[in-house]
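# Structural overview
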Amino acid sequence: MMRFIILGIFYFFILTNPALADLDMDISEPNLEITTGFTGDTLTVFGTAQPKGDIIIIVRGPEKKTSIHRKVNVMGLWLTGESVTFKNVPGYYNVASSRPVLQIADYQTRYKKSIGLNSLVFETERKQPAEKKGRFQEALIQNQQLKGLYSLTPNAVIFVNNTLFKTRIYMPSNVPIGQYEITAFHFQNGELIDTQTRPFQIAQGGLAGSVHNYAHTSPFLYGITVIFIALFSSFLAVTLLRRE
């Protein structure tokens, strides 16, 4: 219900205020809580662009260090072979566009702004030959796609009229917790004329969220608490066994 109220307020503001910036973008839920039984959710990204042009939406985050390993067959046994560790891998990456991305932006712009999976560049922890780095990065992207965390094909950005646009972004049940960025790119005749970014937070909700926050904000006290609970549980178990 809240997302529809936000959408209604935004559309009313746009329609009653003709003097607008070239690009304005917002999201239906700036914060998403993952609770027990979470099966995924769909975000609505909406905004206005003047002149109409083309819109590309990128949703990505949170970045972390990720290793990818190559399996090798040694006498019938599959063992871990060479590996590459990347330092800045987004746990989630999704694209939406009003037209095919290749028809909107040239290669240099896509590469500079990391628009599209083929334009992503992950930094390696150790210097690697270009061929090996590219091979392992491709494998990493494929793994993320199989998990549903990287989009296979871009979602559609739909223009409601000559000004308003919207798209829907699916967040799967295994989406990582952390800080995200949603960026809108406004193109006109192949030229990037405006960009806007909005932060987006995915957090653990409920009791699990409280424990998660406590562990990260007070790691020392959390460790002591865990040890105390373990000792108390052991003491209680021994006491009950002696009574029997």
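These notes cover the structure that comes with them.

Mapped onto the elements, A105 comes out in the loop between α2 (101-104) and α3 (107-113). For A105, a relative accessible area of 4% corresponds to the buried category. Note: C-alpha distance between A105 and I115 (ten residues apart in sequence) is 8.8 Å. Excluding residues within four positions of it along the chain, A105 makes contact with R110 and F187.

Membership of the largest hydrophobic core comes to 47 residues, with the highest contact counts inside it found for I56, I57, F165, M171 and F200. No other element matches strand β5 (residues 77-97), which puts seven residues into this core. Each residue touching I57, except ones within four places of it in the same chain, is listed here: V45, N94, V95, A96, V157, F165, T167, I182, T183 and A184.

Relative to the helices and strands, R60 is located in strand β4 (residues 54-74). For R60, the side chain forms a polar contact with the side chain of E63, separated by 3.0 Å. Not counting the four nearest positions on each side in its chain, R60 is found in contact with N88, P90, Y92, Y93, S114, L120, Y180 and E181.

Among the structural elements, I193 can be located in strand β10 (residues 191-204). For I193 and L23, which are 170 residues apart along the polypeptide, the C-alpha to C-alpha distance reads 9.1 Å. Those residues in contact with I193 that lie beyond four places of it in its chain are P51, H186 and Q188.

Once that is clear, we can look at the pairing of β10. The pairing of strand β2 (residues 31-34) with β10 spans four bridges and is parallel. Following the sheet pairing, I34 is matched in β10 by Q204. Bridge count for strand β9 (residues 178-188) against β10 is eleven bridges, and the pairing is antiparallel. Looking across to β10, one finds that F187 is bridged to L192. Between β9 and β10, which pair antiparallel in sequence order, lie two residues; one of them, N189, sits at a positive phi of approximately 55 degrees.

Time to look at helix α4 (residues 130-146). Given 3.6 residues per turn, any residue in an α-helix points the same way as the ones three and four places further on. Compared with the 24 Å implied by 1.5 Å per residue over 17 residues, the 24 Å span of α4 between its first and last C-alpha is a close match. Buried within α4 are the following residues: K132, F136, Q137, L140, I141 and Q144. On an axial view of α4, the arc spanned by its buried residues comes to 165 degrees, and they lie on one face. Across α4 from its buried face, at more than 90 degrees, point the exposed residues E131 and L146.

The next point concerns the packing of aromatic side chains. Following the criterion strictly, the structure yields six aromatic pairs and no others. For the ring pair Y180 and F200, a centre distance of 5.9 Å and an interplane angle of 70 degrees mean the geometry is edge-to-face. Here Y180 is found in strand β9, whereas its partner F200 is found in strand β10, with 20 residues between them in sequence. Each member of the pair, Y180 as well as F200, is classed as buried.

Turning next to the pattern of salt bridges. Summed over all chains, the structure comprises eight salt bridges. R198 serves as the salt-bridge partner of D24, at 3.6 Å between the closest nitrogen and oxygen. Linking D24 in strand β1 (residues 23-27) with R198 in strand β10, this pair joins segments that are 174 residues apart in sequence. Overall, D24 belongs to the partly exposed group, its relative accessible area being 21%. Note on R198: relative accessible area 25%, which makes it partly exposed. The partner of E125 in a salt bridge is K65, with the nearest N and O atoms 2.8 Å apart. Of this pair, E125 sits in the loop between α3 and α4 while K65 sits in strand β4, and the two are 60 residues apart along the sequence.

About the thresholds
- Residues numbered from 1 in each chain as written.
- Predicted model: local features only at pLDDT ≥ 70, side-chain atom pairs only at ≥ 80, totals over all residues.
- Heavy atoms only, no water.
- Helix = DSSP H or I, 4+ residues; strand = E, 2+ residues; numbered from the N terminus.
- Buried < 20%, exposed > 50% of the residue type's maximum accessible area, 1.4 Å probe, protein only.
- Contact = heavy atoms within 4.5 Å.
- Core = buried A, V, L, I, M, F, W, Y, C linked by side-chain atoms within 4.5 Å.
- Polar contact = N/O pair within 3.5 Å; in protein donor to acceptor, adjacent residues only side chain to side chain.
- Pairing = 2+ DSSP bridges.
- Expected span 1.5 Å × (residues − 1).
- Arc of directions from axis to C-beta.
- Phe/Tyr/Trp six-rings, centres within 6.5 Å; stacked < 30°, edge-to-face > 60°.
- Salt bridge = Lys/Arg side-chain N within 4 Å of Asp/Glu carboxyl O.

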